[in-house]
Amino acid sequence: MKFAGLVVKSVRRNKRRTTLTVLSVAIAVFLFSSLRAVLDGFKAVSAASSSTRVVTLRSTSMIFSMPTSHEQTIRSTPGVEDVTYANWFGGIYKDPKNFFGQFAIDPVSYLRMYPEVILSDEDKRAFIEDRTGCIVGDGLAKKYGFKVGDKIVLQPGIPVYGSQDYEFTVRGIYRPGASNIDHQSMMFHWKYADERSTIKGQIGWFVARVSNPDQATKVALAIDQQFANSAYETKTDTEQAFTAQFASMLGNLNLLLGSVALAVVITTLFVAGNTMAMSVRERTTEIAVMRTLGFRAATIFSLVVGEGFLVALAGGVLGALFARIIVNAEALGLSGGFIPAFGVNNFNVLVGLGLSAFIGIAASLIPATMASRLKIVDALRRVA
Amino acid sequence: MGLIGSYNLRSMIVRKGTAAMTAGGIAMVVAVFVMTMAIAQGFRGALVSSGSNDNAILLRKGATSETVSAVLRPQLPLIEALPHVARAADGHALASPELVVIISLPRKSDGNPANVPVRGVGPLAYEIRSTLKFVEGRRFTPGTREVNVGRQAVNRFSGLGIGSDLKFGAATWKVVGIFTADDASFESEVWGDVDLMQPAFQRNGYQSVTVRLADPSAFESFESAVVADPRLDLKPSRERDYYEGQSSTTGALIRIFALFVTSILSIGAVFGAMNTMYAAVAYRTREIGTLRALGFSRLRIIAAFLAESVALAVVGGVIGCILALPVNGLSTGAMNMTSFSELAFKFRVTPGLLVGGLVFSAVMGALGGLLPAIRAARLPVARALREI
């Protein structure tokens, strides 16, 4: 530790070079932490998905609907505690580009099923009482400036809902209590949409709560068996399995983001390694003098590694800090729906710092070996 | 430039370790750039090559994709009667009423279900889509529960081989043929008789009608003929334009991601190049002084060092392109946001993309070399000569 001063001195020797290297490492750590955060966002959704909820869809595909009569059958399935249902609306808010999730729900049972949708009692009551009322996520409210009492007009995007515009009144702004709830969605009365549908009584999916999570798969199977060989066969999965499937359809994210992250690390290793090599080469004579004075090879080795470590860590701190401030769900205001909200958390920051330490040490290994194996006589004879 | 050019080139070779590392950093950036753009390129290519300039697709007015469109049964004969529509040898209009629904099939790779589009088509669909070729089996016979499957779908999902039975829409369908379509999105689909798909999926009517135009250049007059008929509240588009639009959402998403990552990454590589070039200038202070004393102008010095930096970066660019080449033709899948289904496509490393990668590396080299080169040119001659 007594050589800390020496390490700092050598770091400050060529300020411009150190700055450039610190910045490159900072950028790498910034990118790396952000990519990790995206992956974590997907993981968090499936982790927060409840294992006591099962989702029932048409077996052919989620774009087909089921008749309302399925509700009673599901409710009477042994092991089922509660049932609610919803439908995808797919309306257009002013411009098709303004995409966000719109769900036609049964307010009372849906909010009972999803306590994670946090709404004040007052707003909840107002929403339930107003047939054309709706609730929006806090993220969506922020994005479009929706306030309680505002009117939202949606143009139906799916022919089943007719061609006339739908007008809604914002009755509440909900807060997501867990990451499986999207904070940029809109929910309204299923009845309102159903009244104007060309095909009545259609439901996109049912959600049922099972009393015992260990029985979830069994109950799911029991639900499907009741509809087997009917015109509306179903496929029931736990919520967890359902979200995992959805994420996997976005493509192989793990592989794609993983290889990009690897490329980031390798590029930075090249840059940092290069700097360290240059800095050692520049000081060949100096190192030879130190060796002559009695500094041991091991000391020289750790001095160089220490220098690399310090520079890279400085970059790491900078990059991770930046990522923590800039890449958070609120600042980005990402549109919800398919891509879950994500942000760099403290753990990502730690991983980024660890990565920068690794880069610093790995990049300085070869230069440090070079420096410690220096032949004093040759080095002293050499002119710069 | 002869002497000074070779001087700079040779100095680069002297510092091969440093040069290799700098080039290596740039190579990684270019490789990432080319690979991610190859995904965007492949995705777009798969959709765009689905559309032909000779065809037009009719959708409900205001519909942005087939999924949200509707064409009524009585509208079909009205379209077929239009003189702009090409005829087959037997006089039938080359028009295919279509319906796309999504079914869920397990993926071969991980067994997880994914959405696969099933397209109900008219009997003349294969005459209209001339790029479709059968690699195995035969066309489905209209009026029977037979289907044809695209090659990509066969490769990605289980239970689609020839002769296998497929259960969807409360019926069983037999796979009788496998087709290719020049890597177009049709290769990810299952095709069958539209008139049997309608009842199977409780649909009344079609979603779109695709026609072969008798004269592809007369699209405008076809369009005005459709618009003029009040019984047709449909909007025709050139098939190619339609599919181009379909690729825009997901395609743009991939492209933005690619640009975001590579541009941030490239800043790091530029800093690396800058470091290297500053060091190069510092090592050669005396040589630069000599050159200046010999009468080489400041501009020549700047140009020489810039050229060195660009050359270094382009070497990296070439390596990056070579690194990225093996992904060409690799097939992968991604969800198409406009159809909600999985679209299989191949990474496409096009010559244009490679040129783009090289230009990108040259730009990185120029940016990294500029400041050090200016520094080299500004060195006071007398002091530079004294330097050891």
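Residues numbered from 1 in each chain as written. Chains lettered and ligands numbered in written order. Predicted model: local features only at pLDDT ≥ 70, side-chain atom pairs only at ≥ 80, totals over all residues.

### Overview of the overall build of chain B
For step 1, the next point in the chain: Regarding its fold elements, chain B presents 13 helices and twelve strands.
For step 2, the next point in the chain: Taking 21 Å as the expected radius of gyration for a compact globule of 388 residues, we find that chain B reaches 29 Å, considerably beyond that expectation.
For step 3, the next point in the chain: Across its three principal directions, the C-alpha atoms of chain B cover 95 × 50 × 30 Å.
For step 4, the next point in the chain: Within chain B, the fraction of its 388 residues that count as buried is 53%.
For step 5, the next point in the chain: Considering only contacts within chain B whose residues lie at least 6 apart along the sequence, 83% involve residues at least 24 apart. (Helix = DSSP H or I, 4+ residues; strand = E, 2+ residues; numbered from the N terminus. Rg over C-alpha atoms; globule rule 2.2 N^0.38 Å. Buried ≥ 20, exposed ≤ 12 C-beta atoms within 10 Å, placed from the backbone. Contact = placed C-beta atoms within 7 Å.)

### Topic: the overall build of chain A
For step 1, the next point in the chain: On a plain count of helices and strands, chain A comes out with 15 helices and twelve strands.
For step 2, the next point in the chain: Its C-alpha radius of gyration of 30 Å places chain A more than 25% over the 21 Å reference for a compact globule of 384 residues.
For step 3, the next point in the chain: C-alpha atoms of chain A, sized along the principal axes, occupy 95 × 45 × 35 Å.
For step 4, the next point in the chain: Across the 384 residues that make up chain A, the buried fraction comes to 45%.

### Considering the domain arrangement of chain B
Residue and element names in this part refer to chain B.
For step 1, the next point in the chain: Per the domain assignment, the segments of chain B are domain 1 (2-48 + 248-386) and domain 2 (62-232).
For step 2, the next point in the chain: A separation of 46 Å is found between the C-alpha centroids of domain 1 and domain 2.
For step 3, the next point in the chain: At the interface, 14 residues of domain 1 touch 15 residues of domain 2.
For step 4, the next point in the chain: Where the side of domain 1 that touches domain 2 is concerned, the elements lending two or more residues are helix H2 (16-48), strand E11 (331-336) and strand E12 (341-346). (Domains from an automatic or database assignment.)

### Considering the environment of Gly5(B)
Residue and element names in this part refer to chain B.
For step 1, the next point in the chain: Tracing the backbone through its elements, the reader meets Gly-5 in helix H1 (residues 2-14).
For step 2, the next point in the chain: Linking Gly-5 and Glu-308, residues 303 residues apart in sequence, is a C-alpha distance of 8.1 Å.
For step 3, the next point in the chain: Setting aside anything within four residues of it in sequence, one finds Gly-5 in contact with Ala-304 and Ala-307.

### Focus on the nonpolar core
For step 1, the next point in the chain: Grouped together as the largest cluster of nonpolar side chains are 172 residues, with contacts concentrated most on Val32(B) and Val34(B).
For step 2, the next point in the chain: Aside from chain neighbours lying at most four places away, what touches Val34(B) is Gly320(B), Cys321(B), Ala324(B), Val349(B), Leu353(B), Leu354(B) and Gly357(B).
For step 3, the next point in the chain: Core analysis: the second largest hydrophobic core is formed by 48 residues, Tyr161(A), Val207(A), Ile223(A) and Ala241(A) among them. (Core = buried A, V, L, I, M, F, W, Y, C linked by C-beta atoms within 7 Å.)

### Describing the confidence of the model for chain B
For step 1, the next point in the chain: Residues at a pLDDT of 70 or more form 98% of chain B, whose mean pLDDT is 87.
For step 2, the next point in the chain: Scored as a complex, the prediction yields pTM 0.76 and ipTM 0.73. (pLDDT = per-residue confidence, 0-100.)

### Description of the pairing of strand E9 (residues 185-189) of chain A
Along any regular strand, the residues point their side chains to alternate faces of the sheet.
All names here are of chain A.
For step 1, the next point in the chain: E9 sits mainly inside the fold: five of its five residues count as buried.
For step 2, the next point in the chain: Direction of pairing for strand E4 (residues 101-105) relative to E9: parallel, over a ladder of five bridges. Along E9, the bridge assignment pairs Gln-102 with Met-186.
For step 3, the next point in the chain: For strand E6 (residues 133-137) and E9, the ladder comprises three bridges, and the chain directions are antiparallel. Paired with Val-136 across the bridge in E9 is Met-186. (Pairing = 2+ DSSP bridges.)

### Brief notes about the packing of helix H1 (residues 4-13) of chain A against helix H12 (residues 297-326) of chain A
All names here are of chain A.
For step 1, the next point in the chain: Contact geometry of H1 with H12 gives a least axis separation of 9 Å together with a crossing angle of 60 degrees. As far as their axial angle goes, H12 and H1 are oblique. Every pair of crossing elements has a handedness; the one defined by H1 and H12 is right-handed. Residue-level inspection shows Leu-6, Val-7, Ser-10 and Val-11 of H1 in contact with H12, the latter providing Leu-303, Gly-306, Glu-307, Leu-310 and Val-311.
For step 2, the next point in the chain: Across the contact of H1 with H12, the residue classes break down as six nonpolar, two polar and one charged. (Axes fitted to C-alpha atoms, helices over the stretch in contact; angles between N-to-C directions. Parallel < 35°, antiparallel > 145°, perpendicular 65-115°, else oblique. Left-handed = near helix turned anticlockwise from the far one by under 90°. Nonpolar A, V, L, I, M, F, W, Y, C, P; charged D, E, K, R; others polar.)

### Examining helix H8 (residues 239-246) of chain B
Residue and element names in this part refer to chain B.
For step 1, the next point in the chain: Buried residues of H8: Glu-239, Tyr-242, Tyr-243 and Gln-246, and no others. All buried residues of H8 fall inside an arc of 90 degrees around its axis, so they share one side.
For step 2, the next point in the chain: Tucked inside the fold, the buried residues of H8 contact H2, strand E1 (55-60), strand E9 (208-212) and strand E10 (234-238). (Arc of directions from axis to C-beta.)

### Remarks on the domain arrangement of chain A
How large an interface is tends to be reported as the accessible area lost when its parts come together.
For step 1, the next point in the chain: In terms of domains, chain A is made up of domain 1 (4-46 + 251-381) and domain 2 (60-232).
For step 2, the next point in the chain: Distance from the C-alpha centre of domain 1 of chain A to the C-alpha centre of domain 2 of chain A: 47 Å.

### Quick notes on the interface of chain B and chain A
For step 1, the next point in the chain: Each side of the interface is counted separately: chain B has 43 residues, and chain A has 38 residues.
For step 2, the next point in the chain: Only H2, strand E2 (95-106), strand E3 (113-121), helix H9 (248-283) and E11 of chain B provide two or more residues apiece to the side of chain B that touches chain A.
For step 3, the next point in the chain: Among the elements that take part in the side of chain B that touches chain A, H9(B) stands out by supplying 13 residues, more than any other.

### As for unusual backbone geometry
What is expected of a backbone is that most residues other than glycine have negative phi and most peptide bonds are trans.
For step 1, the next point in the chain: The residue Lys94(A) is not glycine, and still its phi comes out positive at about 65 degrees.
For step 2, the next point in the chain: Judged by the 11 C-beta atoms lying within 10 Å of it, Lys94(A) falls in the exposed class.

### A closer look at the packing of H9(B) against helix H12 (residues 351-378) of chain B
Residues and elements named next belong to chain B.
For step 1, the next point in the chain: Closest axis-to-axis distance for the H9/H12 pair is 8 Å, and the angle between their directions is 30 degrees. Relative to H12, the element H9 is oriented roughly parallel. Considering how the two elements wind past one another, H9 and H12 form a crossing that is right-handed. Residue-level inspection shows Ser-266, Ala-269, Val-270, Ala-273, Met-274, Met-277, Tyr-278 and Val-281 of H9 in contact with H12, the latter providing Met-364, Gly-365, Leu-367, Gly-368, Gly-369, Leu-371, Pro-372, Arg-375 and Ala-376.

### Some points on helix H11 (residues 284-293) of chain A
Residues and elements named next belong to chain A.
For step 1, the next point in the chain: Listed in full, the buried residues belonging to H11 are Ile-287, Ala-288 and Arg-291. Burial along H11 is one-sided: seen end-on, the buried residues are contained in an arc of 100 degrees. In H11, the exposed residues that point more than 90 degrees away from the buried face are Thr-292 and Leu-293.
For step 2, the next point in the chain: Structurally, H11 contributes buried residues whose contacts are with H12, helix H14 (346-372) and helix H15 (376-381).
For step 3, the next point in the chain: Among the residues trailing H11, Gly-294 stands out with phi positive, at a value near 115 degrees.

### Quick look at the environment of Thr198(A)
Residue and element names in this part refer to chain A.
For step 1, the next point in the chain: Of note, Thr-198 is situated in the loop between helix H7 (190-195) and strand E10 (202-203).
For step 2, the next point in the chain: It is 19 Å that separates the C-alpha atoms of Thr-198 and Asp-106, two residues lying 92 residues apart in sequence.
For step 3, the next point in the chain: In this structure, Thr-198 is in contact with Val-160 and Gly-162, ignoring residues within four places of it in sequence.

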